[in-house]
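Breakdown of the fold
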Amino acid sequence: MSSVKNKLLAMGLSSAIATTGIFVAQHEGLVLGTYIDPVGILTSCYGHTGKELKLNQKFTESQCLDQLAEDLSKHDKEMMRYVKVPLSDEEHSAYLSFSYNVGVGNFRSSTLLKFLNK
């Protein structure tokens with residue numbers, strides 16, 4: 001999994017985002033194509049969802065890593081719009097992982113964020 005972090009760092013992502021990438025990769029797993037997740041959402045690679053996906057698509061590991069990097073960067077940018085306190089790299093990674101899992105909208109309205117910002 002350190003190769004995932006090294007590749008994400010080489011793509012110019014911060015240490016916190018790259019660390020989150022390892023956690024996501026370990027817990028989401030890698031599927032080199034599209035699949036229907038347990039709640040019925042069309043998904044690919046490391047848990048990527050999007051309107052551009054179609055059933056039976058195939059992806060390379062490199063394409064999946066690109067998806068992960070883009071997804072984490074987007075989630076991070078959105079998440080940090082709502083975080084009003086400084087975060088350590090470890091905290092940043094933990095909150096980003098949560099936000100990636102539940103979605104930024106749910107993070108924005110979460111009790112977790114309210115307590116964090118207090």
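Look up: the structure comes first, before these words.
Residues numbered from 1 in each chain as written. Predicted model: local features only at pLDDT ≥ 70, side-chain atom pairs only at ≥ 80, totals over all residues. Heavy atoms only, no water.

Regarding the pattern of salt bridges
Evaluated as defined, the whole model comprises two salt bridges. The closest approach of N and O atoms between Lys74 and Glu70, which form a salt bridge, is 3.0 Å. With Lys74 and Glu70 both in helix α3 (residues 61–82), this residue pair falls four residues apart, about one helical turn. By relative accessible area, which is 44% here, Glu70 ends up partly exposed. The partner of Arg81 in a salt bridge is Glu78, and the shortest N-O contact between them spans 3.0 Å. You can see Arg81 and its partner Glu78 sitting in helix α3, three residues apart, about one turn around the helix. The class for Glu78 is partly exposed, based on a relative accessible area of 31%. (Salt bridge = Lys/Arg side-chain N within 4 Å of Asp/Glu carboxyl O. Helix = DSSP H or I, 4+ residues; strand = E, 2+ residues; numbered from the N terminus. Buried < 20%, exposed > 50% of the residue type's maximum accessible area, 1.4 Å probe, protein only.)

Observations regarding helix α4 (residues 89–102)
With 14 residues, α4 extends 20 Å between its outermost C-alpha atoms, agreeing within 8% with the 20 Å of an ideal straight helix rising 1.5 Å per residue. Those residues of α4 not exposed but buried are His92, Ser93, Tyr95, Leu96, Ser97, Ser99 and Tyr100. On its buried face, α4 sits against α2 (15–28), β3 (48–49), α3, α5 (104–108) and α6 (111–117). Gly103 occupies a position one or two residues after α4 and carries a positive phi of about 95 degrees. (Expected span 1.5 Å × (residues − 1). Contact = heavy atoms within 4.5 Å.)

A short note on the sheet that holds strand β1 (residues 31–36)
The strand order β1-β2-β3 describes an open sheet built from three strands, whose pairing is antiparallel. Strands with a single pairing partner mark the edges of an open sheet, and in this sheet they are β1 and β3. Both strand β2 (residues 42–45) and β3 contribute to a ladder of two bridges, which runs antiparallel. Note on β3: the bridge partner recorded for Ser44 is His48. (Pairing = 2+ DSSP bridges.)

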